[in-house]
Amino acid sequence: MNLAELLPAEWRAELAGFLDEKATAALGEFVASEYATHTIYPPIEDLFSAYRLCLPEQTRVLILGQDPYHGPGQAHGLSFSVREGVKIPPSLRNVFKELAEDVAVAPPATGDLTGWARQGVLLLNAVLTVRAGAAASHAGKGWEAFTDATIRALDARDDRVVFLLWGGYARKKAALITNPAHVVLEAGHPSPLNREGFRGARPFSAANKALADGGRPVINWDPRTAG
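Given the structure is predicted, the values throughout are model-derived calculations rather than measurements.

A. Molecular detail of a nonpolar patch on the surface. The grouping of Met1, Leu6 and Ile44 at the surface amounts to a nonpolar patch, some 240 Å² of accessible area in total. Summarising the element assignment, leucine 6 is placed in helix H1 (residues 3-6). Taking the relative accessible area as the measure of exposure, leucine 6 reaches 41% and is therefore partly exposed.

B. Structural detail: the packing of aromatic side chains. If you walk through the whole model with that rule in mind, you get 12 aromatic pairs. Summarising the aromatic geometry, the rings of tryptophan 166 and phenylalanine 198 are spaced 5.0 Å apart at their centres and angled 70° between planes, so their arrangement reads as edge-to-face. With tryptophan 166 in strand E5 (residues 162-166) and phenylalanine 198 in the loop between strand E6 (183-187) and helix H9 (203-213), the pair connects residues that are 32 residues apart, well separated along the chain. Note on accessibility: tryptophan 166 and phenylalanine 198 belong to one class, buried. In this structure an aromatic cluster arises from ring pairing among Phe80, Trp116, Trp166, Phe198, Phe204 and Trp221.

C. Geometry of unusual backbone geometry. In this structure, the amide linkage connecting tyrosine 41 to the following residue, proline 42, adopts the cis form with an omega of -5°. Structurally, proline 42 is set in the loop between strand E1 (40-41) and helix H4 (49-53). Here alanine 104, not a glycine, exhibits a phi torsion of approximately 60°, which is positive. Taking the relative accessible area as the measure of exposure, alanine 104 reaches 71% and is therefore exposed. Of note in this structure, alanine 136 is not a glycine but carries a positive phi near 65°.

D. Molecular detail of the UniProt feature "domain: Uracil-DNA glycosylase-like" (unreviewed entry) in the protein. Mapped onto this structure's residue numbering, the UniProt feature "domain: Uracil-DNA glycosylase-like" (unreviewed entry) falls at residues 52-211. Along residues 52-211 one finds 29% helix and 14% strand; the C-alpha atoms at either end are 22 Å apart.

E. Looking closely at the UniProt feature "active site" (unreviewed entry) in the protein. Feature annotation in UniProt assigns "active site" (unreviewed entry) to the following positions: Asp67. Ignoring any residue separated from it by four or fewer positions in sequence, one finds aspartate 67 in contact with Asn125, Val127, Thr129, Val130, Ala135 and Ala136. At 2.7 Å, the side chain of aspartate 67 and the backbone nitrogen of alanine 136 are in polar contact.

F. Inspection of the side chain of threonine 150 at higher detail. Relative to the helices and strands, threonine 150 is located in helix H7 (residues 143-155). A distance of 2.8 Å separates polar atoms of two side chains, one belonging to threonine 150 and the other to tyrosine 51. Setting aside residues up to four positions removed in sequence, threonine 150 forms contacts with Trp11, Leu15, Tyr51, Leu122 and Leu124.

G. Structural context of the pairing of E5. Of all five residues that make up E5, five are buried, and the element is covered over most of its length. Residues Val162, Leu164 and Trp166 point to one face of E5 and Phe163 and Leu165 to the other, with burial holding for every one of them. Relative to E5, strand E2 (residues 61-65) is paired through four bridges, and the arrangement is parallel. By the bridge assignment, leucine 62 is partnered in E5 with phenylalanine 163. Both E5 and E6 contribute to a ladder of five bridges, which runs parallel. Across the sheet, tryptophan 166 pairs through a bridge with alanine 187, a residue of E6.

Analysis parameters
Residues numbered from 1 in each chain as written. Predicted model: local features only at pLDDT ≥ 70, side-chain atom pairs only at ≥ 80, totals over all residues. Heavy atoms only, no water. Patch = residues over 30% accessible without salt bridge, like charges linked within 9 Å, V, L, I, M, F, W, Y side chains within 5 Å. Areas by Shrake-Rupley, 256 points an atom, 1.4 Å probe, with all protein chains shown as cover. Salt bridge = Lys/Arg side-chain N within 4 Å of Asp/Glu carboxyl O. Helix = DSSP H or I, 4+ residues; strand = E, 2+ residues; numbered from the N terminus. Buried < 20%, exposed > 50% of the residue type's maximum accessible area, 1.4 Å probe, protein only. Phe/Tyr/Trp six-rings, centres within 6.5 Å; stacked < 30°, edge-to-face > 60°. UniProt positions renumbered as here; feature names shortened; annotations may be inferred. Contact = heavy atoms within 4.5 Å. Polar contact = N/O pair within 3.5 Å; in protein donor to acceptor, adjacent residues only side chain to side chain. Pairing = 2+ DSSP bridges.

So this is what it looks like as structure tokens:
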């Protein structure tokens, strides 16, 4: 499996200087083997949905997740998002509660965040695949270098990108962002197990302020009407 060939041409060009060819080839072999021998999420056609929906020049905000959902029908290639008709996971429910309190968007009935992606929110997981029922089963297999390269490529752009890093794992990625054109907004993870650090962080209004200050259009944070 040639992972680069599965990417949109714009991302393929953007990442070319940041990916190690041998490591990416080894990752492609691993991913191909996993899809051939196990149930893997997301479905292969959704593997690079985040990249297809949000090209480099369109990216204004990056929200970094850690690992795809590992239950049937949940993961579709966008961090924190689930398809319409799928029960909204607890972390996303907390995101929607904060959304309501921060920018007065009533909690949507569906957890599909495609509307965000279509207007410039790159919904990226640090690891892009997972075995069914086995959280973090593809951690440490090479995806981290691939998605770190994505962050570095965005950092190299001059147009402002706002990086929303939620939780300890995501916050470690702040070290990759060195260009003063960009803004990093950190908060706790939205998981209900994390009792402090996310609720009240007001990330959505803060992101829009940072975008406006950088001369970029703000995000319509209502996923039902955006995009």
